[in-house]
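Residue strings, one per chain:
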Amino acid sequence: MSTALGKPVRTQVAIVGSGPAGLLLGQLLHKAGIDAIIVEQRSREYVLERIRAGVLEQGTVETLERLGVAKRLHAEGLVHDGVQLSFGEGRQRIDLKGLTGRNVVVYGQTEVTRDLMDAREAGGATTVYEAEDVSVADFDSNQPRVRYHKDGAAHDIQCDFIAGCDGFHGVCRQSIPASSMQTYERVYPFGWLGVLSDTKPVSEELIYVWHERGFALCSMRSPTRSRYYIQCSLAERVEEWPDQRFWEELRRRLDPQAKRDLVTGPSIEKSIAPLRSFVAEPMRFGRLLLAGDAAHIVPPTGAKGLNLAASDVHYLSEALIAYYRGASEELNAYSSRALSRIWKAERFSWWMTMLLHRLPDDGPFGQKIQQAEIAYLCGSRAAQTAMAENYVGLPY
Ligand code: FAD
Ligand code: DHB
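These lines cover the structure that appears in this document, whether it is placed above or below. What you see is a predicted model, and the numbers here were worked out from it, not measured in a lab. (Residues numbered from 1 in each chain as written. Chains lettered and ligands numbered in written order. Predicted model: local features only at pLDDT ≥ 70, side-chain atom pairs only at ≥ 80, totals over all residues. Heavy atoms only, no water.)

Re the overall build of the protein chain
From N to C terminus, the protein chain includes 12 helices and 22 strands. A compact globule built from 396 residues would reach a C-alpha radius of gyration of about 21 Å, and the protein chain, at 22 Å, matches this within 12%. Contacts spanning at least 24 positions in sequence make up 71% of the contacts within the protein chain whose residues lie at least 6 apart. Accessible surface, the protein chain: about 17,300 Å² in total, of which carbon and sulfur atoms supply 50%. (Helix = DSSP H or I, 4+ residues; strand = E, 2+ residues; numbered from the N terminus. Rg over C-alpha atoms; globule rule 2.2 N^0.38 Å. Contact = heavy atoms within 4.5 Å. Areas by Shrake-Rupley, 256 points an atom, 1.4 Å probe, with all protein chains shown as cover.)

Brief notes about the packing of helix α10 (residues 329-356) against helix α11 (residues 363-379)
Look at α10 against α11: their axes get within 9 Å of each other, and the N-to-C directions meet at 115 degrees. Here Trp-351, Met-354, Leu-355 and Leu-356 of α10 come into contact with α11, specifically with Gln-370, Glu-373, Ile-374 and Leu-377. Residues belonging to the contact of α10 with α11 are distributed by class as follows: six nonpolar, one polar and one charged. (Axes fitted to C-alpha atoms, helices over the stretch in contact; angles between N-to-C directions. Nonpolar A, V, L, I, M, F, W, Y, C, P; charged D, E, K, R; others polar.)

Quick look at the packing of helix α1 (residues 20-31) against helix α3 (residues 58-66)
With their axes 10 Å apart at the nearest point, α1 and α3 run at an angle of 45 degrees to one another. In this view, α1 runs oblique relative to α3, as classed from their interaxial angle. The way α1 lies across α3 gives a crossing that is left-handed. Touching Leu-24, Leu-28 and Lys-31 of α1 are Thr-63, Leu-64 and Arg-66, all from α3. Taken together, the residues of the contact of α1 with α3 sort by class into three nonpolar, one polar and two charged. (Parallel < 35°, antiparallel > 145°, perpendicular 65-115°, else oblique. Left-handed = near helix turned anticlockwise from the far one by under 90°.)

Brief notes about the site of ligand 1
As a matter of local geometry, ligand 1 sits amid 28 residues, with Glu-40, Arg-50, Arg-52, Gln-109 and Asp-293 nearest to it. In the environment of ligand 1, an oxygen atom lies 2.7 Å from a nitrogen or oxygen atom belonging to the side chain of Arg-50. Contributing elements (two or more residues each) for the shell around ligand 1: α1 and α9 (305-324). Its residues assigned to classes, the shell around ligand 1 comprises 12 nonpolar, nine polar and seven charged. (Near = heavy atom within 4 Å. Polar contact = N/O pair within 3.5 Å; in protein donor to acceptor, adjacent residues only side chain to side chain.)

Quick look at the site of ligand 2
Tyr-208, Ser-219, Arg-221, Tyr-229 and Pro-300 are the nearest of the 14 residues found near ligand 2. One of the side-chain nitrogen or oxygen atoms of Tyr-229 is found 2.6 Å away from an oxygen atom of ligand 2. Gly-302 places a main-chain nitrogen or oxygen 3.2 Å from an oxygen atom of ligand 2. Expressed as a share of its isolated accessible area of 290 Å², the protein-covered part of ligand 2 is 97%. Mapped onto the shell around ligand 2, the elements with two or more residues apiece are β17 (216-222) and β18 (225-232). Here the residues of the shell around ligand 2 sort into eight nonpolar, three polar and three charged.

With respect to the nonpolar core
In this structure, Ile-15, Leu-64, Val-146 and Tyr-334 are the most contacted members of the largest nonpolar core, which totals 74 residues. In terms of residue count, α9 provides more of this core than any other element does, 10 residues in total. With near-sequence residues (within four places) excluded, Val-146 lies in contact with Ala-14, Val-16, Val-39, Val-134, Ser-135, Val-136, His-155, Asp-156, Ile-157 and Ile-162. Counting 34 residues, the second largest nonpolar core, distinct from the first, contains Phe-190, Trp-192, Leu-275 and Met-387. (Core = buried A, V, L, I, M, F, W, Y, C linked by side-chain atoms within 4.5 Å. Buried < 20%, exposed > 50% of the residue type's maximum accessible area, 1.4 Å probe, protein only.)

Brief notes about empty space enclosed by the protein
Under the counting rule described, the total for this entry stands at two cavities of 30 Å³ or more. In this structure, the largest cavity spans a volume of roughly 60 Å³. In terms of lining residues, the largest cavity is bounded by Glu-57, Lys-304, Leu-308, Arg-341, Lys-344, Ala-345, Phe-348, Asn-390, Gly-393 and Leu-394. Of all the elements, α10 adds the most residues to the lining of the largest cavity, at four residues. In terms of residue class, the lining of the largest cavity is made up of four nonpolar, two polar and four charged. Estimated volume of the second largest cavity: approximately 50 Å³. If you trace the second largest cavity, you find it lined by Gly-19, Pro-20, Val-47, Arg-50, Gln-109, Thr-110 and Thr-113. Top element by residues in the lining of the second largest cavity is helix α6 (residues 109-122). It accounts for three residues. Each residue belonging to the lining of the second largest cavity can be placed in one class, and the counts come to two nonpolar, four polar and one charged. (1 Å grid on protein atoms, 1.4 Å probe; cavity = no way out; pocket = protein on both sides within 12 Å on 5 of 7 lines; lining within 4 Å. Points joined across faces, edges and corners; volume = space filled by probe spheres on them.)

Laid out in structure tokens, this is it:
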């Protein structure tokens, strides 16, 4: 049986993936009058239901503002001027605003995604959801293509550029010859077990917890919805963690005040995520440009993943806009510009991960070093400033 051929379609930029990177890039290009089609393998509902990041840097918020999609973010997002570090009996506040003049906003990735999808639909731009067998071709020529199947027909998009915004497991990075790419990776020997619950958050600010039983994080999505994480072993499965066991283990790791204030309730989502650092260099191969998780992964400690996707597409949109105005040099600089910021965020996420997690092979010496570093952080304004500068996001 032969497959029907859909009408060939032409666009300026074909974007693979409708996560934060793809959707943000789509809007940035749309605003500049550049035509872009997004091809996404999942359904709209599936993309919207993925519970992921929750902390936005000011740079990300400013990009959303410039795009005119920050109305709900300003109405519902929670502005945080500080974060808390907890260790055994004590707690230290890091005064983000006082130390850097900047803050972060707690607003879920699902909400950012929804706002961007709504804006895209209102602007009449095309997104193909549930595209099957997506592949990218001819990006070493001037006429790259994105191909996919949908509703029994084969489709072919011809374009000037392909933006690979299809996440860590996507097809774009994997289509680049291995000999043209260098990768750097660290896989951590633990995961995060996350729970979402409709309970009042334990604290008005996020609490990052060092504990000898392992790391924990108290976060939130709204004044009535909490997001908690505990470090777990990679061998564990979600089914082994009924709600009661989760709350008991979380409570054990909290300081006395937080133990008292913790409100528990039924989980509405529970999942385990592995932790990984990964960077692929360069982020450009011919006319295929990678952005976001397609090019790099950070462990979630420090909440940099979504924010890096936003800074990547900021640089990428500037480069593409310059290209269509006749200046092609900026495209040559895209990869090195983006990577300079990415490596700093990689370093910070690695540092926070190594500082706060129980490292199975590090033994008592490793724990003592962590405790000394936390004590130094508590006593040094310079150390707190270094942490705060990175947490609120380095400048673009
Ligand atoms: P993604 O969000 O992964 O989007 C990629 C899109 O491409 C997806 O919609 C996918 O369906 C689509 N796609 C994939 N393959 C194809 C294909 N072949 N064809 C077409 N489309 C394709 N960050 C934090 O800061 N804090 C967190 O708590 C946190 N938790 C996380 C939990 C999990 C389970 C994961 C996976 C990530 C988490 N992150 C977190 C990281 C953060 O969510 C990501 O950095 C962010 O989503 C990156 O956006 P992106 O658009 O680059 O990639
Ligand atoms: C959240 C996730 C993080 O990785 C983090 O550092 C802070 C908050 C969250 O999901 O709310």
